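Close look at the chain arrangement
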Amino acid sequence: MSRPSKPSIQIINSTIIGVVITAALVAFILFGSNAGAGSYWDPGSLAIVLGGTVAAAFLSFRSSQLASIGRSLFAIFHEEPPLGREVDVLEQVALALQKHQLPQAEKIANGVNNPFLRLGLQLVIDRVSIEDVHHLLSWRIQKMVERETAEAKLFRTMAEFAPAFGMLGTLVGLVAMLSQLGGGDLNAIGEGMALALITTVYGVVLANLIFRPIAIKLEQRTAQRVAKLNMLLEGISLLALGRGPTMVREAMNSFMRDYRDEIHG
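All values reported here derive from a predicted model rather than from experimental measurement.

1. A few points about the pattern of salt bridges
Following the criterion strictly, the structure yields 6 salt bridges and no others. With its nearest N and O atoms 2.4 Å apart, the salt bridge here joins Asp 88 to Arg 249. Residue Asp 88 is located in helix H5 (residues 85-98), and its partner Arg 249 is located in helix H10 (residues 245-264); the two are separated by 161 residues in the primary sequence. What makes Asp 88 partly exposed here is its relative accessible area of 23%. Two residues, Glu 219 and Arg 156, come together in a salt bridge whose shortest N-O distance is 2.8 Å. Here Glu 219 is found in helix H9 (residues 186-240), whereas its partner Arg 156 is found in helix H8 (residues 130-179), with 63 residues between them in sequence. With relative accessibility at 34%, the residue Glu 219 sits in the partly exposed group.

2. Here's the deal with the packing of H5 against helix H7 (residues 115-125)
Between H5 and H7, the least distance of the axes is 12 Å, while the angle of their chain directions is 10°. Compared by their axis directions, H5 and H7 come out roughly parallel. Residue-level inspection shows Glu 86, Val 89, Leu 90, Val 93 and Leu 97 of H5 in contact with H7, the latter providing Leu 117, Leu 121 and Val 124. Grouping the constituent residues of the contact of H5 with H7 by class yields 7 nonpolar, no polar and 1 charged.

3. What about the packing of H7 against H8?
Their axes nearest at 10 Å, the elements H7 and H8 cross at an angle of 170°. Looking at the two axes, H7 sits roughly antiparallel to H8. Here H7 contributes Pro 115, Phe 116, Leu 119, Gly 120 and Leu 123 to the contact with H8, which in turn contributes Val 133, Leu 136, Leu 137, Arg 140 and Ile 141. Among the residues forming the contact of H7 with H8, the class breakdown is 8 nonpolar, 1 polar and 1 charged.

4. Overview of the environment of Gln 122
Looking at where Gln 122 falls in the secondary structure, it is placed in helix H7. Gln 122 sits in the partly exposed class, given a relative accessible area of 23%. Each C-alpha atom of the pair Gln 122 and Asn 110 lies 8.3 Å from the other, and the pair is 12 residues apart in sequence. Sequence-distant contacts of Gln 122, that is, excluding residues within four places in its chain, are made with Glu 106 and Asn 110.

Parameters and conventions
- Residues numbered from 1 in each chain as written.
- Predicted model: local features only at pLDDT ≥ 70, side-chain atom pairs only at ≥ 80, totals over all residues.
- Heavy atoms only, no water.
- Salt bridge = Lys/Arg side-chain N within 4 Å of Asp/Glu carboxyl O.
- Helix = DSSP H or I, 4+ residues; strand = E, 2+ residues; numbered from the N terminus.
- Buried < 20%, exposed > 50% of the residue type's maximum accessible area, 1.4 Å probe, protein only.
- Axes fitted to C-alpha atoms, helices over the stretch in contact; angles between N-to-C directions.
- Parallel < 35°, antiparallel > 145°, perpendicular 65-115°, else oblique.
- Contact = heavy atoms within 4.5 Å.
- Nonpolar A, V, L, I, M, F, W, Y, C, P; charged D, E, K, R; others polar.

Here is the structure:
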């Protein structure tokens, strides 16, 4: 039986690379400009932008959706592993079923860490009809898509809020500056102008270097997970149809080749 080749070089997580480049960019802005790093730090401005964005998010989303923020942030640093072990498991279960070794098939299924694959294998071992297997597993895929789409939408919404609150801070700073024009206090006028400008900077940075990239990363992760789960669903369906281990292995290899071709062009 042909085995899929394993990559010899481990790809560095792109999120880590992005974080390093972002940190370098921010450091260059802070320490490479004539204004000095202290000119870009204003707790009041940050409170307006970040506090307003978070408050708007709490008003827009349910607490159960907001509770997934930590999990979402962890997920962007986690690259989805290729289907390798799962294909081996499908082949082993197909061989056990072909030999009518149900206890062995159940033992293999119970040792699977992937809950989607474990459920699918158990349904096949319990001789559930292929229509019911498709219905139940497709429903699980759909629920996963809905949950993860909501997580990505949360960060996309925050990316929309951040520049708006940056503009709010700009207006607040302009009001403070204009109120001091009559008194001629140049220090107060300068502080008001700084507040007006720096909040816009904070809003743009938070939206385009933090919130929106996280949303895009989560959307890409969901698309990859859906593709992988659909491939597993096809493999489980082959088991339900009574296909042998050789056909299951070759079909899964074909699915993975087509998936790589679609992703990498």
